[in-house]
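The primary structure of each chain is shown beneath.
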Amino acid sequence: MEHKILFKDLKLIHQLEKALAKQGYTQPTPIQLKSIPSLLLGKDLIGIAQTGTGKTAAFVLPILQRITTKHPRVIKTLVLAPTRELAAQIGESFSTYGEFLKFKHTVIFGGVKQGKQVRALNSGVDIVVATPGRLLDLMNQKKLTLNNVEFFVLDEADRMLDMGFIHDIKKIIERLPRKRQTLFFSATMSQEINKLAKKLLKNPVHVEVAPQATTVELIKQYIFFVDQPSKENLLLELLKQKHLNSVLIFTRTKHRANKLALFLNKNNISSDAIHGNKSQNARTKAITDFKNRRIKVLVATDIAARGIDIDNISHVINFELPNEPESYVHRIGRTARAGTEGTAFSFCAADERNYLRDIERLIKEKIEVMDHKFHSESAKTAVGAAAKPLPRKSFNRNSRFKRNSGSRNKNSSSKRNKPMVRFKYKSKKN
Ligand code: AMP
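Procedures and definitions
Residues numbered from 1 in each chain as written. Predicted model: local features only at pLDDT ≥ 70, side-chain atom pairs only at ≥ 80, totals over all residues. Heavy atoms only, no water. Near = heavy atom within 4 Å. Polar contact = N/O pair within 3.5 Å; in protein donor to acceptor, adjacent residues only side chain to side chain. Helix = DSSP H or I, 4+ residues; strand = E, 2+ residues; numbered from the N terminus. Phe/Tyr/Trp six-rings, centres within 6.5 Å; stacked < 30°, edge-to-face > 60°. Buried < 20%, exposed > 50% of the residue type's maximum accessible area, 1.4 Å probe, protein only. Lys NZ or Arg CZ within 6 Å of the ring centre and 35° of its normal. Patch = residues over 30% accessible without salt bridge, like charges linked within 9 Å, V, L, I, M, F, W, Y side chains within 5 Å. Areas by Shrake-Rupley, 256 points an atom, 1.4 Å probe, with all protein chains shown as cover. Salt bridge = Lys/Arg side-chain N within 4 Å of Asp/Glu carboxyl O. Lys, Arg positive; Asp, Glu negative; His and termini not counted. Charge placed at Lys NZ, Arg CZ, Asp CG, Glu CD. Pairing = 2+ DSSP bridges. Axes fitted to C-alpha atoms, helices over the stretch in contact; angles between N-to-C directions. Contact = heavy atoms within 4.5 Å. Expected span 1.5 Å × (residues − 1).

Trainee: Whenever I open this one, the site of the ligand confuses me. Can you help?
Mentor: Near the ligand you find 14 residues, and of these Tyr25, Gln32, Gly52, Gly54 and Thr56 are the closest. Here an oxygen atom of the ligand sits 2.7 Å away from a polar atom, N or O, in the main chain of Gly54. At 3.3 Å, a backbone N or O of Lys55 approaches an oxygen atom of the ligand.

Trainee: What should I look at first to understand unusual backbone geometry in this one?
Mentor: Glycine aside, negative phi is the norm for most residues, and most peptide bonds take the trans geometry. A positive phi angle, near 60°, is found at Lys11, a position not held by glycine. Inspection of the secondary structure puts Lys11 in the segment before helix H1 (14-23).

Trainee: Would you explain the packing of aromatic side chains in this entry?
Mentor: The geometry of an aromatic ring pair is captured by the separation of the ring centres together with the interplanar angle, meaning the angle of the planes. By the definition in use, this model includes five aromatic pairs. On the numbers, 5.4 Å between centres and 40° between planes, the contact of Phe59 with Phe185 is tilted. With Phe59 in helix H3 (residues 55-66) and Phe185 in strand S6 (residues 181-186), this pair connects stretches of sequence that are 126 residues apart. The two residues Phe59 and Phe185 agree in class, both being buried. Consider the rings of Tyr222 and Phe345, whose centres lie 6.0 Å apart with planes at 55°: the pair is tilted. Placement of Tyr222 in strand S8 (residues 219-225) and of Phe345 in strand S13 (residues 342-348) is noted, with a sequence separation of 123 residues between them. A single burial state applies to Tyr222 and to Phe345, both of which are buried. The ring of Phe100 has Lys18 lying over it, and the distance from NZ or CZ to the ring centre is 4.3 Å.

Trainee: Explain a positive patch on the surface to me, please; I cannot follow it from the model alone.
Mentor: Taken together, the side chains of Arg66, Lys70, Arg178, Lys179 and Lys202 make up a positively charged region of the molecular surface. Its location among the elements puts Lys70 in the loop between H3 and strand S2 (77-80).

Trainee: How should the sheet that holds strand S1 (residues 45-48) be read in this particular structure?
Mentor: For sheets, the rule is that strands pair by backbone hydrogen bonds, running either parallel or antiparallel. With respect to topology, seven strands assemble into an open sheet ordered S3-S4-S2-S5-S6-S1-S7, the strand pairing being parallel. The open sheet terminates on both sides in strands that have one partner only, identified here as strand S3 (105-108) and strand S7 (205-208). Taken over all neighbouring pairs, the strand axes of this sheet differ in orientation by 10° on average, direction set aside. Relative to the sheet, helix H2 (residues 30-40) contacts S1, S6 and S7, its axis offset from that of S7 by approximately 165°.

Trainee: Just to check I follow, could you spell out the environment of Gly384 for this structure?
Mentor: With respect to the helices and strands, Gly384 occurs in the loop between helix H17 (377-381) and helix H18 (397-404). Separated by 31 residues in the primary sequence, Gly384 and Arg353 place their C-alpha atoms 9.5 Å from one another.

Trainee: Before we go on, may I ask you to explain helix H13 (residues 280-291) in this structure?
Mentor: The periodicity of an α-helix, 3.6 residues per turn, causes residues three or four positions apart to be oriented the same way. Over its 12 residues, H13 extends 16 Å from the first C-alpha to the last, a length consistent with the 16 Å expected when each residue adds 1.5 Å. If you check which residues of H13 are buried, you get Gln280, Arg283, Ala286, Ile287, Asp289 and Phe290. Buried residues along H13 sit against helix H4 (84-97), strand S9 (247-250), strand S10 (271-274), strand S11 (297-300) and helix H14 (302-305). Residue Arg293 follows H13 closely and has a positive phi angle near 65°.

Here it is as structure tokens:
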């Protein structure tokens, strides 16, 4: 029989083993197995791994083991994360795995007043998890110094670049000591990421797990060709099914996320929206309500949803397809956590047809087409100008809707009060 490697084979200190046992974790995930031994030896590391692979523990555990006890309460570890949610989650991991150790940590992010964060820093911390903007701000105000940093982690580097943090990150890096251990994580690899990694890392160990295709393979994916005006009715019909019990819906814009959450609530489907314009408190509440199943649906934009750690999402629905094909992979990856299966539905209108083409090129497969009563053949067969999104400036909702509203849509609204037929899960190969 194959010998399974357990956490106790990884030579972790007993305080960490105890914390892991408390979580019920006995076996390291592949990224943990591949990273922890090298990190314990003090090596730099580049990890290509998505959220959901256990990558947080892969760096939190060795850092907690190796962080020195000299200079207590000065910042010895700095972790940079792209979003407040991810920073908060990493902070929670330090609490969980460090429960039986004496280190103090704090989380720093923008969008809230800085007073509490400055007080936490003044009281002395060993570990700081931060988003780049606020950290730089506090550094410029001389509220903290990074002279003693031994471990530097850049998490979700690809998203950091996407979000335009590169200049902030460069400025932060300039203030770090040269002698340090650097850990670099990214879900995807590109030339730009490679360049940044080369600049930051010294003889790094390369670790790659769950390449995108593998993650995608675990997810049942379906495309619904539908005209824009029918999308809401299609969504309602889908959400009536009981097995869609915890659904994460993606839109491209904050405005659309808000509108959709309102629409669903009006139709007695409990939902909330998260995006960058919402206060931190409102976002935390929405995520907690979703995790605790107080709401069935969470509507999110790409950036807001990135890195959110929610298990047991039954379905991801792309109400609007993302304009970057990589975002599709990140989005649907929310539903297949830690090796479980998931389902992703994507709505594609005519003007999103090119997005779908790019997605299928990236994932190297044709997504199965679902047959449904709002099916739009014109969306399916759109080419040329019809397959492209309308330019944003000339976006005129009314004219666009008129252009698209065929008899199918009129039928659907007149049918709204009639009992709904249960959805037929008939798929067509396209
Ligand atoms: P991450 O990729 O760091 O966001 O982790 C994804 C999820 O996996 C989190 O909920 C972790 O608590 C969980 N997790 C991390 N390591 C393990 C493990 N070795 N066994 C089981 N679950 C784990």
